[in-house]
Amino acid sequence: MQFTKGHGTGNDFVILPDPDGELPLTPATVAALCDRRRGVGADGVLRVIRAAKHPEGAAYAAEAEWFMDYWNADGSLAEMCGNGVRVFTRYLLSAGLAEPEEAGLPIATRSGVVRAVVGPAAVGRLVVADGEIAADLGAPRLYGDSTAVLPGLTLNGSVVDCGNPHLVCSLPTGVELSALDLTRAPGSDPAVFPAGVNVEFVTPGEPVAGADLHMLMRVYERGSAETLSCGSGAVAVAAAALRDANLTEGVVAVDVPGGRLTITLDGDSAWLAGPALLVAQGTTLP
């Protein structure tokens with residue numbers, strides 16, 4: 001298989017071009033590709049397939065030519081990946097499969113159609129720098145509370161739907177973000193998250209120019225373990241932080257181990273902006 005390697009703030013992906021849906025992609029193949037010692041290594045796989053050629057994308061074919069078929073590193077499927085959308089868009093542009101659109105390039109995903117804007121650009125309060133891509137994941141939905149359990153620590157959190165499930169846990173005074181043990185999945189309530197959950201751990205950061213709020217974040221992604229970044233997780237964090245600050249919209253800078261993401265919440269839009277890079281190409285061996 002031909003592949004490209006890309007990342008958004010260290011959240012890395014193996015990108016497989018498969019316009020007509022001819023690759024025999026299986027969970028075992030995905031897990032082997034993502035293995036960091038025996039494969040290419042990645043947090044997940046992005047299969048680039050025409051929406052009309054994928055059974056889960058066909059319903060969106062009239063609105064979006066391309067479907068982002070996203071698989072977690074363990075071979076499981078995921079509804080949405082914010083950084084994945086931005087890297088997917090970068091690949092489409094680089095491969096000559098799409099052109100930037102002023103209103104945003106439509107990308108079909110399992111949670112619906114999202115739009116990506118290529119920088120430099122400005123949409124309302126959203127400012128997309130040169131070299132960055134922003135994706136509108138739609139308004140996140142905060143709909144309850146739950147808990148995450150780490151070794152020796154139980155944390156309360158906000159349940160957020162960003163097209164995929166998230167639990168945003170603010171750290172209490174005296175608990176350092178860097179000290180958390182994320183070597184295994186946090187415990188969560190299966191009644192609230194029957195399909196698993198991405199868990200974000202956050203603490204406030206120092207003020208940042210151009211942002212209403214600044215948050216520091218680590219994340220454990222279902223199906224991928226701790227990653228350097230999670231785009232939809234950053235959107236969930238921004239939504240929870242703005243609510244806690246009694247704000248209905250605003251700009252939130254979210255620092256993850258892999259860099260900085262900027263989230264602009266405005267009405268029905270939640271724009272996730274940051275770098276999206278392609279770093280290598282290759283061919284897998286039989």
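Preceding this section is the structure that the text describes.
How each quantity is defined
Residues numbered from 1 in each chain as written. Predicted model: local features only at pLDDT ≥ 70, side-chain atom pairs only at ≥ 80, totals over all residues. Heavy atoms only, no water. Helix = DSSP H or I, 4+ residues; strand = E, 2+ residues; numbered from the N terminus. Rg over C-alpha atoms; globule rule 2.2 N^0.38 Å. Buried < 20%, exposed > 50% of the residue type's maximum accessible area, 1.4 Å probe, protein only. Contact = heavy atoms within 4.5 Å. Areas by Shrake-Rupley, 256 points an atom, 1.4 Å probe, with all protein chains shown as cover. Lys, Arg positive; Asp, Glu negative; His and termini not counted. Charge placed at Lys NZ, Arg CZ, Asp CG, Glu CD. 1 Å grid on protein atoms, 1.4 Å probe; cavity = no way out; pocket = protein on both sides within 12 Å on 5 of 7 lines; lining within 4 Å. Points joined across faces, edges and corners; volume = space filled by probe spheres on them. Nonpolar A, V, L, I, M, F, W, Y, C, P; charged D, E, K, R; others polar. Core = buried A, V, L, I, M, F, W, Y, C linked by side-chain atoms within 4.5 Å. Polar contact = N/O pair within 3.5 Å; in protein donor to acceptor, adjacent residues only side chain to side chain. Pairing = 2+ DSSP bridges. Phe/Tyr/Trp six-rings, centres within 6.5 Å; stacked < 30°, edge-to-face > 60°. Lys NZ or Arg CZ within 6 Å of the ring centre and 35° of its normal.

**Here's the deal with the overall build of the chain**
Piece 1. Helix and strand counts for the chain stand at 3 helices and 19 strands.
Piece 2. Taken against the 2.2 N^0.38 rule, which gives 19 Å for 286 residues, the C-alpha radius of gyration of the chain at 18 Å falls within 12% of a compact globule.
Piece 3. Counting only C-alpha atoms, the chain reaches 50 × 40 × 30 Å along its principal axes.
Piece 4. The buried share of the chain, taken over its 286 residues, is 50%.
Piece 5. Long-range pairs, those at least 24 residues apart, make up 60% of the contacts in the chain with a sequence separation of at least 6.
Piece 6. Total accessible area on the chain is roughly 12,200 Å²; 51% of this is exposed by carbon and sulfur atoms.
Piece 7. In the chain, which carries 18 positive and 33 negative side-chain charges, the distance between the mean positions of the two groups comes to 5 Å.

**Quick look at the layout of surface pockets**
Piece 1. Considering only enclosed or pocket space, the largest pocket measures out at about 150 Å³ in volume.
Piece 2. Ala139, Pro140, Leu142, Ala239, Leu242, Arg243, Leu247, Thr248, Leu265, Asp266, Gly267 and Ser269 are the residues that line the largest pocket.
Piece 3. Elements that contribute at least two residues to the lining of the largest pocket include exactly helix H3 (231-244) and strand E17 (259-266).
Piece 4. No other element matches H3, which puts 3 residues into the lining of the largest pocket.
Piece 5. Among the residues forming the lining of the largest pocket, the class breakdown is 7 nonpolar, 3 polar and 2 charged.

**Looking at unusual backbone geometry**
Piece 1. Cis geometry marks the peptide bond from Gly119 to Pro120, where omega comes out at 0 degrees.
Piece 2. By secondary structure assignment, the location of Pro120 is in the loop between strand E6 (112-118) and strand E7 (121-123).
Piece 3. With phi around 75 degrees, Ala225 is a residue other than glycine that occupies positive phi space.
Piece 4. Its place among the elements puts Ala225 in strand E15 (residues 225-227).

**Structural notes on the nonpolar core**
Piece 1. Counting residues in hydrophobic clusters, the biggest one holds 49 residues, and the most contacted among them are Leu46, Met68, Phe88, Leu92, Met217, Val254 and Ile263.
Piece 2. When residues no more than four places from it in sequence are discounted, the contact partners of Leu46 are Phe13, Val14, Ile15, Leu16, Met68, Asp69, Tyr70, Gly84, Val87 and Phe88.
Piece 3. Grouped together as the second largest cluster of nonpolar side chains are 15 residues, Leu167, Cys169, Leu171 and Tyr220 included.

**Description of the side chain of Arg90**
Piece 1. Relative to the helices and strands, Arg90 is located in helix H2 (residues 82-94).
Piece 2. Within the local environment of Arg90, its side chain forms a polar contact with the backbone oxygen of Gly131, the two atoms lying 2.9 Å apart.

**Concerning empty space enclosed by the protein**
Piece 1. For the structure on display, the rule yields 1 cavity of 30 Å³ or more.
Piece 2. Tyr70, Asn72, Ala78, Met80, Cys81, Asn164, Asn198, Glu221, Arg222, Cys230 and Ser232 together form the lining of the largest cavity.
Piece 3. In the lining of the largest cavity, the residues fall into 5 nonpolar, 4 polar and 2 charged.

**Brief notes about the pairing of E17**
Piece 1. Relative to E17, strand E16 (residues 250-256) is paired through 7 bridges, and the arrangement is antiparallel. Among the inter-strand pairings, Gly250 is bridged to a residue of E17, identified as Leu265.
Piece 2. Connecting the antiparallel pair E16 and E17 is a turn made up of 2 residues.
Piece 3. Here E17 hands over to strand E18 (residues 269-275) after 2 residues, with Gly267 in that stretch at a positive phi of 65 degrees.

**Looking at the packing of aromatic side chains**
What characterises a pair of aromatic rings is the spacing of the ring centres plus the angle enclosed by the ring planes.
Piece 1. Applying the stated criterion across every chain yields a total of 1 aromatic pair.
Piece 2. Note on Phe13 and Tyr70: the rings are 5.9 Å apart at their centroids and 75 degrees apart in plane angle, and the pair reads as edge-to-face. Taken together, the residues span a long stretch of sequence, with Phe13 in strand E2 (residues 11-17) and Tyr70 in strand E4 (residues 66-72) at a distance of 57 residues.
Piece 3. Looking at Phe13, the relative accessible area reads 0%, which means it is buried.
Piece 4. Tyr70 gets classed as buried once you look at its relative accessible area, which sits at 2%.
Piece 5. Sitting over the face of the ring of Tyr143, Arg141 holds its NZ or CZ atom 4.3 Å from the ring centroid.

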